[in-house]
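# Examination of the molecular architecture
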Amino acid sequence: GPQPTDSPTLSPKPTFAPVIKTAEPSKAPTPNTFFCGETYQDAEQNCFTATPCPNGSGCPAGESCYGIAIPKCVSASPTAAPTDAGPQPTDSPTLSPKPTSAPVIKTA
């Protein structure tokens, strides 16, 4: 193999890391304003739960895609706590029905 030398070998000078240009940051997302519904009123009233159709298609059978005015369907700012309390715990446990015995499979 190579033998040690008495003097150091000079290596090439380091180069600077290349500067990679990245794309500009994207703009804030545009809220979807197209929702499915049987009628415009249906889509507007249910836009928080309706199927979104930003490309103008993809609605369930019997529904069409409607463009809804932005302020009506852009959700409000988040709240610190749920606005709907939901089901509350009861004082005592709910008893489930007793399990049935396992099915018997007859083989021929």
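Notes on the structure follow. Being a predicted model, the structure only gives us computed values, none of them experimental.

Scanning the protein chain from terminus to terminus reveals 2 helices and 2 strands. Reading the protein chain from its N terminus to its C terminus gives the helix and strand order β-α-β-α. Every one of the 108 residues in the protein chain was classed for burial, and the buried ones make up 10%. Counted over contacts in the protein chain with a minimum sequence separation of 6, partners at least 24 positions apart contribute 58%. When the accessible surface of the protein chain is summed, it comes to about 10,400 Å², and 59% of that surface belongs to carbon and sulfur atoms.

Before going further, it helps to spend a moment on the state of the cysteines. Evaluated as defined, the whole model comprises 2 disulfides. Paired through a disulfide, Cys-36 and Cys-59 show a sulfur-sulfur distance of 2.0 Å. A torsion of -85° about the S-S bond marks the disulfide between Cys-36 and Cys-59 as left-handed. Residue Cys-36 is located in strand β1 (residues 34-37), and its partner Cys-59 is located in the loop between α1 (40-45) and β2 (64-67); the two are separated by 23 residues in the primary sequence.

Moving on: the packing of aromatic side chains. One pass over the structure, following the stated rule, counts 1 aromatic pair. With a centroid separation of 6.2 Å and an interplanar angle of 90°, the aromatic rings of Tyr-40 and Tyr-66 are classed as edge-to-face. Taken together, the residues span a long stretch of sequence, with Tyr-40 in helix α1 and Tyr-66 in strand β2 at a distance of 26 residues. Judged by its relative accessible area of 30%, Tyr-40 falls in the partly exposed class.

As a further point, take the environment of Glu-38. For Glu-38, the location among the structural elements is in the loop between β1 and α1. For the pair Glu-38 and Gly-62, spaced 24 residues apart in sequence, the C-alpha to C-alpha distance is 6.3 Å. If we skip the residues at most four places from it in the chain, Glu-38 touches Gly-62, Glu-63 and Tyr-66.

Let us look at the environment of Gly-37. Of note, Gly-37 is situated in strand β1. With sequence-adjacent residues up to four places away left out, Gly-37 is seen in contact with Asp-42, Ala-43, Glu-63, Ser-64 and Tyr-66.

Definitions and cut-offs
Along each chain, the written sequence defines residue order, and numbers are assigned to residues from 1. Local features in this predicted model are restricted to residues whose pLDDT is 70 or higher, and side-chain atom pairs enter the listing and the counts only when it is 80 or higher, whereas totals over whole chains, interfaces and linings include all residues. No hydrogens and no water enter the side-chain calculation; it runs on all heavy atoms of the structure. By definition, any uninterrupted DSSP run of H or I lasting at least four residues is a helix, any uninterrupted run of E lasting at least two residues is a strand, and each is numbered from the N terminus. The buried label goes to any residue with under 20% of its type's maximum accessible area, the exposed label to any with over 50%, and the partly exposed label to all in between, with areas taken from a 1.4 Å probe on protein chains only. Every residue pair with non-hydrogen atoms within 4.5 Å of one another is taken to be in contact. Surface accessibility in these figures is a Shrake-Rupley result with a 1.4 Å probe; residues are shielded only by whichever protein chains are displayed. The rule for a disulfide is simple: a pair of cysteine sulfur atoms within 2.5 Å. Pairs were defined over the aromatic rings of Phe, Tyr and Trp, the Trp ring being its six-membered one, requiring ring centres within 6.5 Å. Orientation was assigned from the angle between planes: stacked under 30 degrees, edge-to-face over 60, tilted for the rest.

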